[in-house]
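# Examination of the molecular architecture
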Amino acid sequence: MSVTTNQSPQPTVPQPSGTDPVLLLLLGIVVALALGATLYLCMAHPSLAGPIGAVGGIASALATAFGVAIALRRR
């Protein structure tokens, strides 16, 4: 007596690949806006260009770091 079972292959669930493109787009927009605002303020107030440039650079770096941290957390 032979017993046969119908074994159908289980569907594979696709794994998310890397980072979300929308997240990357939003991160790029935030960094571009921070750098653009910094450039505008440096041109509008030349006497404050040093401090404004430092704050703008740090803000862009922090936005990038938060974006990378969120992207790595979602994996």
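See the structure printed just above.
Criteria and thresholds
- Residues numbered from 1 in each chain as written.
- Predicted model: local features only at pLDDT ≥ 70, side-chain atom pairs only at ≥ 80, totals over all residues.
- Heavy atoms only, no water.
- Helix = DSSP H or I, 4+ residues; strand = E, 2+ residues; numbered from the N terminus.
- Buried < 20%, exposed > 50% of the residue type's maximum accessible area, 1.4 Å probe, protein only.
- Patch = residues over 30% accessible without salt bridge, like charges linked within 9 Å, V, L, I, M, F, W, Y side chains within 5 Å.
- Areas by Shrake-Rupley, 256 points an atom, 1.4 Å probe, with all protein chains shown as cover.
- Salt bridge = Lys/Arg side-chain N within 4 Å of Asp/Glu carboxyl O.
- Contact = heavy atoms within 4.5 Å.

As for its position among the elements, Ile58 is in helix H2 (residues 49–73). Accessibility expressed as a relative area gives 54% for Ile58, which makes it exposed. Residues Ile58 and Ala34 lie 24 residues apart in sequence; the distance between their C-alpha atoms is 9.7 Å.

Where nonpolar side chains cluster on the molecular surface, the patch consists of Val22, Leu25, Leu26, Ile29 and Leu33 and spans about 490 Å² of accessible area. Of note, Ile29 is situated in helix H1 (residues 21–44). Look at Ile29 and you get partly exposed, because its relative accessible area is 41%.

Within the secondary structure layout, Ser60 lies in helix H2. Residues within four places of Ser60 in sequence aside, it is in contact with Val31, Ala34 and Leu35.

What follows concerns the side chain of Thr38. Its place among the elements puts Thr38 in helix H1. In this structure, Thr38 is in contact with Ile52, Gly53 and Gly56, ignoring residues within four places of it in sequence.

By themselves these figures say nothing about function.
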